[in-house]
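What the coordinates show
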Amino acid sequence: MTDASDRTGNVGNAAALDDAVRLLRSGGLVVFPTETVYGLGADALNPDAVAKVYELKQRPANNPLIVHVADTASARSLVASWPSAAELLAERFWPGPLTMVLDRAAHVPHAVSAGGPTIAVRCPDHPLTLELLRRIGRPLVGPSANASGTVSPTTAEHVRAWLGDRVPVLDGGPCARGIESTVVRLGAGPAAVLRPGVITPREIGAVVAVDESEQDEAGPGEGPVPSPGMLRRHYSPRTPVRLFEPSQRRAVLDRLEGGASVVVLSPGMAVEHERLVRMPADPEGYARELYAALHRADGIKAEAILIELPQGESQVWNAIRDRLRRAASG
């Protein structure tokens, strides 16, 4: 089940979509593309299908899933209430990389929200997956299609390196945004950013009131967390990750040129080396390329991946630093 769309987003292989719909309706799993990362999809209203997602990913039971919907009406059917802030944010940012956490409707399986009282919903900005959602007429859970805690996939090849042919993959080309969606909790007070992403608190704050206070991290053995992406260790390759400051470039370069078994990711080192991955200097480009670079670096099988911690002041850089620190945790 491949090549169902080209990189311009034109839906092509209708048979592949039809096969995906049949499989999902029967309780099976399908990997689908989004603008952020590839998702491991299952019928969000089928508890047995949702359980398969947790089992395959080996996902901690306290880590909820994001539910993907085709439109606002579908999102409203999954929540106990739809505040005006949700309507305003959906009008401004959907389809797009913004997830809203709202009070869960009673008919939504508890496993979707890890037993918690809320549900995370978003409308993805990828024509292939939007067409899939329209054809199936049901919401789909879609956590990143990788083993829990590891590097998220941004190409179909990344997914197949993990899954092989165990789950069909709808290939929608490389993901355009590259890091997971921004997550906001909506309730009685201001919107709270639970996970940073390329849609920034400043952009959200132009639409609704926002509480920008930093959110707590969670451990895998604790109670339900309100949002995916809040576990302390996440986005981690098999190779240990170590972060370094720009002031340490010379020492890192000496290690690299001295034959140390390391791979270096840096936007600022102006040298050529087979184990130096040159990262984009702009935050949007860096976010788009980050996970692909980590997959590439992991494939070299060095003793460590050394990543220069970006110093930019934008809120997208903050989201990137969040991913890097979690990747290096532990």
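So, a few notes on the structure that sits alongside this text. What you see is a predicted model, and the numbers here were worked out from it, not measured in a lab.

1. Quick notes on helix α10 (residues 315-328)
- With 14 residues, α10 should cover 20 Å at 1.5 Å per step; its first-to-last C-alpha distance of 20 Å lies within 8% of that length.
- Across the 14 residues of α10, eleven count as buried, placing the element largely inside the fold.
- For α10, the full list of buried residues reads Gln-315, Val-316, Trp-317, Ala-319, Ile-320, Arg-321, Asp-322, Arg-323, Leu-324, Arg-326 and Ala-327.
- Check the buried side of α10 and you find it contacts β8 (191-195), α7 (201-205), β10 (241-244), α9 (283-299) and β13 (304-308).

2. Side note on helix α1 (residues 14-25)
- With twelve residues, α1 should cover 16 Å at 1.5 Å per step; its first-to-last C-alpha distance of 17 Å lies within 8% of that length.
- Among the residues making up α1, those that are buried are Ala-16, Leu-17, Ala-20, Val-21 and Leu-24. Buried residues of α1, viewed axially, fall in a sector of 140°; they line one side. In this structure, α1 carries Arg-22 and Arg-25 as exposed residues pointing more than 90 degrees from its buried face.
- Looking one or two places after α1, you find Gly-27, whose phi comes out positive at around 90°.

3. Here's the deal with the pairing of strand β4 (residues 98-103)
- With respect to burial, β4 is a largely interior element, five of its six residues being buried.
- As judged from the four bridges shared by β4 and strand β7 (residues 182-185), these two strands associate in the parallel manner. Bridging across to β7, Met-100 finds its partner in Val-184.
- As paired strands, β4 and strand β5 (residues 118-122) are joined by four bridges and run antiparallel to one another. Its bridge partner lying in β5, Asp-103 is registered against Thr-118.

4. So, the state of the cysteines
- Enumeration according to the criterion identifies zero disulfides in this entry.
- There is no disulfide at Cys-123, and the cysteine sulfur nearest it, in Cys-175, is 16 Å away.

5. Description of the environment of Ile-136
- Tracing the backbone shows Ile-136 in helix α5 (residues 127-136).
- Considered as a pair, Ile-136 and Arg-22 are 114 residues apart in the sequence and their alpha carbons are 8.3 Å apart.
- If we ignore the near neighbours within four places in the chain, the residues touching Ile-136 are Val-21, Leu-24 and Arg-25.

6. Observations regarding the pattern of salt bridges
- Enumeration over the complete set of coordinates arrives at 17 salt bridges.
- With a shortest N-O distance of 3.1 Å, Asp-103 and Arg-185 are connected by a salt bridge. Here Asp-103 is found in strand β4, whereas its partner Arg-185 is found in strand β7, with 82 residues between them in sequence.
- Accessibility expressed as a relative area gives 24% for Arg-185, which makes it partly exposed.
- Asp-322 is paired through a salt bridge with Arg-326; the nearest N and O atoms lie 2.9 Å apart. Within this pair, Asp-322 and its partner Arg-326 are both found in helix α10, separated by four residues, close to a single helical turn.
- Several salt bridges converge on common partners, so that one network encompasses Asp-18, Glu-131, Arg-134 and Arg-135.

7. A closer look at the nonpolar core
- Ranked by internal contacts, the top residues of the largest apolar core, which has 49 residues, are Trp-94 and Met-100.
- Looking at which element gives the most residues to this core, the answer is helix α4 (residues 84-93), with five residues.
- Among all residues touching Trp-94, those that are not within four sequence positions of it are Val-69, Thr-72, Ala-75, Trp-82, Leu-89, Met-100, Val-121, Arg-122 and Cys-123.

Reading guide: rules and limits
Residues numbered from 1 in each chain as written. Predicted model: local features only at pLDDT ≥ 70, side-chain atom pairs only at ≥ 80, totals over all residues. Heavy atoms only, no water. Helix = DSSP H or I, 4+ residues; strand = E, 2+ residues; numbered from the N terminus. Expected span 1.5 Å × (residues − 1). Buried < 20%, exposed > 50% of the residue type's maximum accessible area, 1.4 Å probe, protein only. Contact = heavy atoms within 4.5 Å. Arc of directions from axis to C-beta. Pairing = 2+ DSSP bridges. Disulfide = S-S within 2.5 Å. Salt bridge = Lys/Arg side-chain N within 4 Å of Asp/Glu carboxyl O. Core = buried A, V, L, I, M, F, W, Y, C linked by side-chain atoms within 4.5 Å.

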